[in-house]
Amino acid sequence: MKVLNKVIEYVLAFLVVVMVAGCFWQIFTRFILNNPSQWTEELLRYALIWLTMIGVPYAYGKEQHISIGFITGTFTKKGTVLDKIFIDILILVLSVFVMIIGGIMVSMNAVGQLSPAMNIPMQFYYMGVPVCGVLMVIYAAERLMRLMKEYAEIKKEGK
């Protein structure tokens, strides 16, 4: 998992650098050259989508995603672990059926379409969803295994 996290960190950092450079280029061409670049807006849109689609599973895997704990804060340790297991199973199912299967179907519908400014196949745009789904499945499976072990230990202790 450490290798996957490192790879994702480098990809996310690269996408941020691309976005910053694209913004600077757009500002330079618009205000200095008085001839705005036609492709930077599309580049920034793609980079932001991919940044989000890769960043969401990364944050989920690091348990840094947004959560509201005022209800779960009242649970016992066993209840908290069971709640996390339920949520991770739900995320796993949604990731498989909605993000992976649905994302592949949407990507296949985009075959032959090109983006207007950069002429990139639209499949590249839509493939972020199934990639996100696969990463979510990997992180959810890893978390589920860890939570199952934790639940077994709690049950063994009798808490």
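If you're wondering where the values come from, they're calculated on a predicted model, not measured in any experiment.

> Where do I start with the environment of Pro121 in this structure?
Looking at where Pro121 falls in the secondary structure, it is placed in the loop between helix H3 (77-109) and helix H4 (122-126). Sequence separation between Pro121 and Ala110 is 11 residues; the distance between their C-alpha atoms is 8.0 Å. Apart from the residues within four sequence positions on either side, Pro121 is in contact with Gln113 and Leu114.

> Quick question: what am I supposed to make of the nonpolar core here?
Nonpolar side chains in soluble globular proteins tend to be buried together. By size, the foremost hydrophobic cluster in this structure holds 15 residues, and its most contacted members are Ile8, Leu12, Leu15, Ile54, Tyr58, Tyr60 and Tyr139. Listing elements by their share of this core, those giving two or more residues are helix H1 (2-32), helix H2 (40-61) and helix H5 (128-157). Of all the elements, H2 adds the most residues to this core, at 6 residues. Residue contacts for Ile8: discarding those within four places in its chain leaves Ile54, Tyr58, Leu135 and Tyr139. Ile85, Leu144, Leu147 and Ile154 belong to the second-largest nonpolar core, a separate cluster that totals 6 residues.

> Even after reading the chapter, I still don't get the pattern of salt bridges, so can you show me in this structure?
Side-chain pairs of opposite charge can arise whenever the charged atoms involved come near each other. Counted by the stated rule, this structure contains 5 salt bridges. One salt bridge in this structure joins Lys6 and Glu9, with 3.4 Å as the shortest N-O distance. Of this pair, Lys6 and Glu9 both sit in helix H1, 3 residues apart, which is roughly one turn of that helix. The closest approach of N and O atoms between Arg143 and Asp88, which form a salt bridge, is 3.3 Å.

> Even after reading the chapter, I still don't get the side chain of Ser95, so can you show me in this structure?
When you line up the elements, Ser95 lands in helix H3. Among the residues examined, Ser95 registers a relative accessible area of 2% and is labelled buried. Here Ile91 takes part through its backbone oxygen, which lies 2.7 Å from a polar atom of the side chain of Ser95. Residues within four places of Ser95 in sequence aside, it is in contact with Ile100, Gly133, Met136 and Val137.

The rules behind the values
- Residues numbered from 1 in each chain as written.
- Predicted model: local features only at pLDDT ≥ 70, side-chain atom pairs only at ≥ 80, totals over all residues.
- Heavy atoms only, no water.
- Helix = DSSP H or I, 4+ residues; strand = E, 2+ residues; numbered from the N terminus.
- Contact = heavy atoms within 4.5 Å.
- Core = buried A, V, L, I, M, F, W, Y, C linked by side-chain atoms within 4.5 Å.
- Buried < 20%, exposed > 50% of the residue type's maximum accessible area, 1.4 Å probe, protein only.
- Salt bridge = Lys/Arg side-chain N within 4 Å of Asp/Glu carboxyl O.
- Polar contact = N/O pair within 3.5 Å; in protein donor to acceptor, adjacent residues only side chain to side chain.

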